[in-house]
Structures are given as C-alpha cells and as structure tokens.
Amino acid sequence: MARSRPTRYCRGGPLSRLDLLGRTAVTIEVPQGEELDRTIFTAKAVPRVGRMLSVTPDPETIIIISRDTVEPDCSVCVDKVPGQTCDPRSLILGESRNTSVEFTCPHPEEVFSVEINREIDCTATSCSGNIVQAESALFPDFKRTFTWDLKVGSTRAFQLDFPEPGMQQIANEDACPDEHTYVLVTYLRTGPANVGTFCKGGTVSSIQVRYKGRVSLQVPGETKMDPVDFKLSVGPVTSMVAIVKVNLPPGVSDTTFISANYPDDFPDNQQMQWDFAVPGMHNYTVHFHDRTAPECLGKDVEVEYRQWDKKVTKAGLTDKQPERRQGNFEMVLKNCETNRTLQGLSLKYSVSVTRSGHPVLCTVDLSKHPKVSLQLEKVASDPYCEMSINSEVLKTINVAAGGKAELSFLDCPNEDVRLTASKLIGCQDVASCSETLLTVPTLDSCLRMPLHSFTWHLNIPQDSTIDLVSPSGGLQQSVPGQECTAAVSLHVEESEGFSLGDFCANGIIQKVQVHANISVTAMTRDFSKTKGPFLNVTFSEEIPETIIYKVSPHKSSPTLLATPNWPKGMRPSSTVSWIVSLPSQYQARVQVVNVSQPKCKDRHTAIKVKLLDSEKELLSRREDEKTDDKLLVPQSFYLNMSNCIPEEGNFGAVTQIVLEPKTNLLAILLGIVGALLLLLIILAVVCFFIKKKKKERLDKEASIYIGRGNIFRPGERQFSKARSDNESHVYASIDETMVYGHLLGDSSYADSMQDHFKGMQLDSYQTFTGPSELPVLNEPEPEPEVEHFNTFLDPSHSFIPPRPRTPIDRQDSLGFQDRRMVDNELYTFKNTGEMNTIRLSGADMEPELPTSEL
C-alpha cells in the first residue's frame, strides 16, 4: 500500500486544529520574496481520540473499507512494515490474519462503509450448499454490503434456491422493509445487467443466471444480520439472461415483475424467462403496465407463452395477453437488436390469480333455535378450500346463537369442513328447572357437510344436581376392555375441563347424578339417522358427592367402573360414588384392578365399600395402603372414592365387579337329607321284596338226598330210580337220645310217642355212611318261569313214573305233616292234641287195596 497522499491547507481558512496520528511531516511552502512568520502553528502530544479494531478476514474473503462522505476528516490506518500506513479514502484487507485497523476519528461508522466480498468459482469444481453466514462479527456497527461473485461455465447457469416463503421482487431503487435488500447482477459481454432487487418473503422460489454474476446483500449499520439462507448449485445449459421461477399463491392475488435493468434498457438480442406455477382450480391473467418499445434493426420484440400440453403462442407488446387461463405456464421476453440512440426495451407487468370455481352460498338462520350456535372449521390442508362469513374469508367461522349469517364455500369438499353445534340449557333454581330431552335440532339444509358433534352445555344453580338417564336403557362407560360399540357416543365433561368419561347406550348405569355444570357431547357418523333423544335430563336437590352412579351389573360378564377423567385422574377434593344393585340370589366379587395414587399435600385419598343397609365398612383403603384385596359382597352395596389435594401425581382407579350365584347351605343340607331318606326307602323296599322272594322259594323248594343215585331236585319231572330201586328209606339205626335228648326231659312224652307208633309200619334204619361215589349230574335245560304257582308235589310235574302205593295210614304218609311240628323248632310236638295234617304230595290219595292184593 502507498503512503498517504499529502493534504494541503491554506492560510485564512476555517480550520483551526488538526488531529494527526503517528509520525507526521509538515512542509511549508513560502512564495519567493515573502517572509515567514516566526510562529506558524503549535504542536503537542495528546491522547488519541480515534478508534482501533482487530480484524481477521475469513479465507477467500476480501474486506474493502470505503469512504462515503467528504466530512469530517478521518483516515483509516493499518500497521505494515516498515511502519503504519494511512489512507483517508479506502483500505483493502485480503490476508486471513489478525490485523489492527485504526481510524483517526472517534465515529468512523459515520464516515466509512464496509464491503465483505467472497469469490466462488464453480467452473473447475462443482459447488453446492449454503454460502451465506448466519451472522458476521466483522464491523457490526458499520453499513455493510456482503457480496458473492459466482462463476460457472460460459454456457451454463448458476442456480439460487430460496427457502420458504421465497423472495419478492421490488423496484431496483427501493429498499426492503427489514433493511435486508438483495441485488442480483449478471455480467454480459455488453456489460452488467441488473436481474432484479428482492426482499425476503414472496413468490420467487428460484433464479438461474447465466455464466457469471454477483449476489449482494445490503445491511445498514447497527442492524443485526439476518440473511436468507439460499442455496447455490450449478444449473442447466441456457441461452437466457436469467430464468425466474415463481409459485403464485392460491386465492386472489396480483404479483408484479420487471425486466432486467428496469427502468433502463433491456440488453439487446437477449431473452429472459419466467416460469409460473399456478394453483389448481385457479385462473391467471397477464397485465402489461409500463412498457417501452425499442426501434428494432432486425426482428421485432416478442413475448412467448408456453404450456406443457399446448403449443407456443406469441404476442407483441401491444397485443392482448392471456386472460382467464388455467395451468402452469412459461413467459419469455425476447429483445431485438435496437437502435441504441433511442429508448430501449423495458417492461413492468403483473400476473393476477382468481378462483376458477363457483362458491356455494348458504344463509344460516338460527332465530328458530335461539340457544343454538354453530361452528365451522377448515380441517383439511387443501389450500384451495375457502370459507367466508359475510364476505370475510376465515379458517374458523362462528355463528352466534339466534343469529343470521351469509356463508360462502369455494372449492371446499364436505369432508374438508367440520361442522359442530352447541346449545345452552340452564335455569335459576330447581323449581324453574324442567325436565329436558337432549335432541338435535334440524339445521339449515344448505349446510351440506355432515354434523360432526352436538354439545349441550348444562348450567344449574349452586345447590342443585343434574340427573342423567338414558331413555333407551342404561349407559355404558367406555374404559379399556369395555369399549363402546354403539352408533352414538356421549362425552360428558365438567366446566373445569375434567372429563367424566365417554358413554353409550345399552349399559349397566341406570342413572348419573352430577353436582356441577357439565357439557354433554353427542358424536355419530350420521345424525340424520339418530336425532335422539339421547338423554333425559332432570334436576334435583344437592348431593354430598360430586358424582353418583347407580349401577346394575350384568350377570354374564364382568363390569368395569372407572373414576372420572380416567386415566388422567380425578379433580382434587372431589368424590365419586357407585350405588351397585345386585339381583336376588347373587353376590359380587369386587376388586380394584388398576389404581394410581398421588402424593397428597392435604387430606387422603379413600376407597370404601359398605352395604347399603349398614354403616359398617367392608373395605377402607388410603393412598398409603395396598388396594389389591378381593372382596366378596353378599348384597347390594355402596362404593365410594375420594381424592385428596395432590402434591404430585393423580388419583384414579378401575374397579371390576363379577356376579356369582349365592350358595344356600340349608337347601343343600335338606337336599342331602331327602336323598338319604329316598335311598333308605328304596333299600327297604328292595330288602322286603328280596326277603319275600326268598321265603317263597323256601316254601316252594325242598331237596331229598338219594344215596348211590342221582340227586333229586324239586321241580324235576322224574327220578332216575324208583323208590323200590334205592335204599333212601333204609336206616341202620337212629340214636334218638343223642339227637333229641335235650328235648326229651319228660319220660311220659317218650312213652306216649311209643304208644302212638305202636302197630304202625316202620322202616328199618341203618347208619348213614354217605355216598360211595359222587353222582354225575345230568341237569336238564331250565324251563321258563310260569306265572301260575303250582303245587310242589304235583305228580304231573314231579315223579314219573308215580311211586308205588304204600299201605300206610294217612297220617304216616309222606303226603302229610303235622302243623304242630312245623311250628316247632325241631319238628317235635308241643302237646298231645289232635294232629293237624298238611298234604305234601300233590297226588290224590288212592283207595286202599284189599289185603289179598298185597
């Protein structure tokens, strides 16, 4: 760097003092022949009043400090070998090292501006990515201009991509509202051309510039740098000066664009292109505003319009431009070779966008339903849907209760708009609160979207209770494992935002009593099929609990009861009760299957169970006690849960109730006793018939042992031998004194017996020695039983051939027995009375033969 140029001063001027830094040489020039005053000036050393900065440029970065104003007197100095070098106009720093920069004035930011330049060459290597620093610590209080010199191959373009929401083009002499102004310049063979000046936030998403150009960002002093983080990449081969890509916004808009160098001349024989993306269901129209036409030496100036599926159309500057067209399009401005002594080509134009669809109009009149209000919300991300109320476009529309509104829906499918309604129900005291059925009113038919939900806000006096009853059976609370499957679900919520839960019809909850203002929201897929009524609402006197449920559990499946606002937790200091009614002859098995306990700041949580007709508690647990007990409750009972004021955590629980039939011990004992009596009766009857049958068999059957022959058995039709052929009636001797001696204590009895048998034919007895050999039995096939009972010794069924006639007395015959002996234990006579004979043989007694026939 050269030394500072000398500054010249003349006598008689306004300057009275100079502040000089460092070593300074003062030279006085005196005209020839004129004498020099002895005292011209005085010099003294004083503390410096300038400013010193320490600067370290980034690699491949050049810092240029330039003077913007003539006054005040100020220089910028830098230490260099062999000494300090100062310059009042500019200073260039190009080395990436720590350098001390000194200004000779106390406020150099008012005198100098700083340019921070970086060169990026993409001809040898590919370049891509971010090139802008988010913050620069260099000269923060100076007016700064950040410049990036970009270069690619001569036939290609470099591309700048801007993040959302894009860039907005402004007039070249204007500045941006946020004081961050971007200028894009391209270097042509004919000289530089200003592509455009841009601000943050607009429709321009990308710009391609051919060959070589510069991007500059101007930031005023004392302003924090907040640049657009644009990305650099190598673009395609192009013959255009620049290609600007634009995303036109949906709805109604009008966006302005200008040609390069506007309002100056557009370069000769050059082309510039704009690519427009038009939203669907929108029309665009091109309007030319300010334009100047050159004198062409060859071809005329042309404007071309290209669409993807249509042929290219051309128009002149004064021709009619496209109007109410749809779809994306490209616009190319082509200049001719002009007479440069005259005005050149310049163009300022705009592209306006409007909706192509027709709005659906709807007049909503809620005067018929003075307490009903409507809410419409745009829920889809479709940018084309446009809702308005009384010509004001909004994303959410509210129609006040009893009000009237003009609604408009443009390109809004029914599923993109959520319609909800609400109704306020309240009273001043219990006496004025009448029974109310919650039904959904019929809304205006022009509201074509389905009703998503309907909410009733129930407000009651302080000392009252709201009673909710389902008109179509009980209510079912939806909890995990017991979800609602009905078509309509009801969400009940307290005014403080604590939910009582979700409910549906056909459940076990017969009644819900709430001592608070609540909101009931009905939701279903199609309200046109289920208008209600959904609930019957009545009002009663104040209850001690916050909520009371009256429950009748199912016999066939477990019942789950959840605390309000499950699983988030009950409201602090609130109480909930369930009055559980059990069917006759059933008992309940109760268990808390899921519970969360807080750390209480004041009071305690409580879980209690007691019978309805007793004050004795079957179960009582606090937050610091286990709650995994299984409780068997014999009859209808009362389940109560209350919350404390938690310090941390929440209180909530799920209780399971399973019904079981009762076991009646008395009935079981009576049944057992009855069964035993019946068994005894059956055994007695069986024993009686067995004994009777046995006796009949004994009376019917008798056996005779026939030695050395076959065995005779009653009922057989014949003997194998006749009596005359065997010795069954022959006995060797019978010692009656040994056999019946104990019965013959009276000698007269024996004598009478001898007298009785005197003169009678007697058999001779021989000692019985048993059979000589075991007889062989030839048993005939058994005969079937006959119903008629036959006489035991009927000759037709017993002896064949019949036994020979024996000349004995009637009483001595085998066909007779004395009844007195039958009744005696050993068939002995008890008295000497008349014999009572019975007939043993079934054969009639034949008449006695004469003695001569024997």
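Residue numbers run consecutively from 1 along every chain, following the written order of its sequence. It should be noted that, the model being predicted, local features are given only for residues of pLDDT at least 70 and side-chain atom pairs only at 80 or more, the latter also being counted only at that level, while totals for whole chains, interfaces and linings use all residues. Working from all heavy atoms in the structure, the side-chain values ignore hydrogens and water.

Explanation requested: the overall build of the chain in the structure shown.
The helix and strand tally for the chain stands at four helices and 53 strands. Only protein chains enter the area calculation, which uses a 1.4 Å probe; residues under 20% of their type maximum are buried, those over 50% are exposed, and those in between are partly exposed. By the burial criterion, 37% of the 854 residues in the chain qualify as buried. What makes two residues a contact is simply this: any of their non-hydrogen atoms within 4.5 Å. Contacts spanning at least 24 positions in sequence make up 79% of the contacts within the chain whose residues lie at least 6 apart. Within the structure as shown, the chain displays about 51,400 Å² of accessible surface, and the carbon and sulfur contribution to it stands at 51%. Each helix is a run of DSSP H or I of at least 4 residues and each strand a run of E of at least 2, with the numbering of both proceeding from the N terminus. Here, Shrake-Rupley sampling with a 1.4 Å probe gives the accessible areas, and only protein chains in the shown set may cover a residue.

How should a negative patch on the surface be read in this particular structure?
Here the term patch refers to residues with relative accessible area over 30% and no salt bridge, with like charges joined within 9 Å and nonpolar side chains (Val, Leu, Ile, Met, Phe, Trp, Tyr) within 5 Å. Salt bridges are identified by distance alone: a Lys or Arg side-chain nitrogen within 4 Å of an Asp or Glu carboxyl oxygen. Within this scheme the basic residues Lys and Arg register as positive and the acidic residues Asp and Glu register as negative, but His and the chain ends are omitted. By convention, the point assigned to a charge is CZ for Arg, NZ for Lys, CD for Glu and CG for Asp. Together, D429, D463, E541 and E542 make up a region of like negative charge exposed at the surface. Secondary-structure assignment places D429 in the loop between β31 (417–426) and β32 (436–438). Given the relative accessible area of 37%, D429 is considered partly exposed.

Is there a simple way to think about the state of the cysteines in this case?
As used here, a disulfide is simply a covalent bond connecting the sulfur atoms of two cysteines. Criterion for a disulfide: a pair of cysteine sulfur atoms at a distance within 2.5 Å. Across all of its chains, the model carries eight disulfides by this definition. C362 shares a disulfide with C446; S-S distance 1.9 Å. Residues C362 and C446 share a disulfide whose torsion about the S-S bond is about 50°; that sign makes it right-handed. Of this pair, C362 sits in strand β25 (residues 360–365) while C446 sits in the loop between β32 and β33 (451–459); the two residues are 84 residues apart in sequence, bridging distant segments of the chain.

Could you clarify how one ought to interpret the pairing of strand β17 (residues 242–247) in this entry?
Residues in a regular strand point their side chains to alternate faces of the sheet. Two strands qualify as a pair provided that DSSP identifies no fewer than 2 bridges between them. As defined by bridge partners, strand β14 (residues 204–210) adjoins β17 across five bridges and the pair is classed as antiparallel. Following the sheet pairing, Q208 is matched in β17 by I243.

How do you make sense of the pattern of salt bridges when you look at a structure like this?
Any two side chains of opposite charge can pair, on the condition that their charged atoms come close. Evaluation of the coordinates by the stated rule reveals 22 salt bridges. A salt bridge links E304 to R306; its shortest N-O distance comes to 3.0 Å. For the salt bridge of E323 with K320, the shortest nitrogen-to-oxygen distance reads 3.6 Å. Owing to a relative accessible area of 42%, E323 belongs among the partly exposed residues under this scheme.

Would you explain a nonpolar patch on the surface in this entry?
On the surface, a nonpolar cluster with roughly 830 Å² of combined accessible area is contributed by I668, L669, I672, V673, L676, L677, L679, L680 and L683. Within the element layout of this structure, L677 appears in helix α1 (residues 665–700). Judged by relative accessible area, which is 49%, L677 ranks as partly exposed.

Explain the packing of aromatic side chains to me, please; I cannot follow it from the model alone.
The geometry of an aromatic ring pair is captured by two quantities: the separation of the ring centres and the angle between the planes. The aromatic pairing rule takes the rings of Phe, Tyr and Trp, using the six-membered ring of Trp, and pairs them if the centres are within 6.5 Å, calling planes under 30 degrees apart stacked, those over 60 edge-to-face and the rest tilted. Tallying each qualifying case throughout the model produces 18 aromatic pairs. Where Y549 meets W578, the ring centres are 5.8 Å apart and the plane angle is 15°; that geometry is what we call stacked. Of the two residues, Y549 is situated in strand β41 (residues 547–551) and W578 in strand β43 (residues 575–580); the sequence distance between them amounts to 29 residues. Overall, W578 belongs to the buried group, its relative accessible area being 1%. Here the aromatic cluster, defined as three or more aromatic residues joined through ring pairs, consists of F257, W274, F276, Y284, F288, Y305, F329 and Y349. Across from the ring centre of F112, 5.8 Å away, lies the NZ or CZ of R67, which sits over that ring. Only when the NZ atom of a Lys or the CZ atom of an Arg is both within 6 Å of the ring centre and within 35 degrees of the ring normal do we say a charge sits over the ring. A cation over a ring is seen here: K610 above Y638, with NZ or CZ 5.6 Å from the ring centre.

Quick question: what am I supposed to make of unusual backbone geometry here?
Trans is the prevailing form of peptide bonds, just as negative phi is the prevailing case for residues other than glycine. Y262 connects to P263 through a cis peptide bond whose omega is 5°. In this structure, P263 sits in the loop between β18 (253–258) and β19 (271–277). In this chain, W566 is followed by P567 through a cis amide linkage whose omega measures 5°. Its place among the elements puts P567 in the loop between β42 (559–562) and β43. For E222, which is not glycine, the phi dihedral falls at a positive 60°. Residue placement: E222 occurs in the loop between β15 (212–219) and β16 (231–237). Judged by relative accessible area, which is 64%, E222 ranks as exposed. Of note, the phi angle at N390 is positive, near 50°, even though the residue is not glycine. Note that N390 resides in the loop between β27 (386–389) and β28 (392–393).

Explain the nonpolar core here, please?
Generally speaking, a soluble globular protein has its nonpolar side chains buried in company with each other. With 77 residues, the main nonpolar core has L407, W456, Y549 and F637 as its most contacted residues. In contact with Y549, other than residues within four places in its own chain, are L500, F503, I509, K511, V512, P564, V576, S577, W578 and I579. Grouped together as the second largest cluster of nonpolar side chains are 72 residues, L93, V244, F257 and W274 included. Definition of nonpolar core: a set of buried residues of the types Ala, Val, Leu, Ile, Met, Phe, Trp, Tyr and Cys, connected through side-chain atoms within 4.5 Å.

Please explain the sheet that holds strand β24 (residues 346–355) as it appears in this structure.
To summarise the sheet geometry, strands pair through backbone hydrogen bonds and adopt either a parallel or an antiparallel arrangement. Taken together, the three strands give an open sheet; going across it, the order is β18-β24-β20, and neighbouring strands pair in antiparallel fashion. The strands lining the two open edges of the sheet, one partner per strand, are β18 and β20 (282–292). Sheet twist, expressed as the average angle between the axes of neighbouring strands with direction ignored, equals 20°. Note that β20 and β24 share 10 bridges and pair antiparallel. Along β24, the bridge assignment pairs H282 with R355. For helices, the fitted line uses only the C-alpha atoms of the stretch in contact; every axis is such a line through C-alpha atoms, and the angle between N-to-C directions lies from 0 to 180 degrees.

Would you take a moment to explain the environment of E179 for this structure?
For E179, the location among the structural elements is in the loop between β11 (167–170) and β12 (181–188). E179 sits in the partly exposed class, given a relative accessible area of 42%. Separated by 41 residues in sequence, E179 and P220 place their C-alpha atoms 6.8 Å apart. With residues near it in sequence (within four places) discarded, E179 still touches Q218, V219, P220 and T223.

Honestly, the side chain of D87 in this entry has me stumped. Any pointers?
Tracing the backbone shows D87 in strand β4 (residues 84–87). Buried within the structure, D87 lacks any salt-bridge partner; its nearest side chain of opposite charge belongs to R89, at an N-O separation of 4.3 Å. Only 2.7 Å separates the side chain of D87 from the backbone nitrogen of R89, close enough to count as a polar contact. In the analysis that follows, any N or O atom pair within 3.5 Å is treated as a polar contact, provided that within protein one partner can donate a hydrogen and the other can accept it, and provided that, for residues neighboring in sequence, both atoms belong to side chains.

Quick question: what am I supposed to make of the sheet that holds β25 here?
On the basis of which strands lie adjacent, the open sheet formed by four strands has the order β25-β30-β27-β28 and antiparallel pairing. The two strands at the open ends of the sheet, each matched to only one other strand, are β25 and β28.

I would appreciate a short explanation of the confidence of the model for the chain in the present structure.
Residues shown with low pLDDT carry predicted positions that ought not to be read at fine detail. pLDDT gives the predictor's per-residue confidence on a scale running from 0 to 100. Averaged over every residue, the pLDDT of the chain is 80; the share at 70 or more is 77%. Here residues 755–768 is a poorly scored stretch, pLDDT under 50, and it has 22 contacts once near neighbours within four places are set aside; other chains count. Here residues 837–854 is a poorly scored stretch, pLDDT under 50, and it has 34 contacts once near neighbours within four places are set aside; other chains count.

When you look at the side chain of S408 in this model, what are you seeing that I'm missing?
Considering the arrangement of structural elements, one finds S408 in strand β30 (residues 404–410). Once residues lying within four places of it in the same chain are set aside, the contact partners of S408 are P359, V360, L361, E386, M387 and S388.

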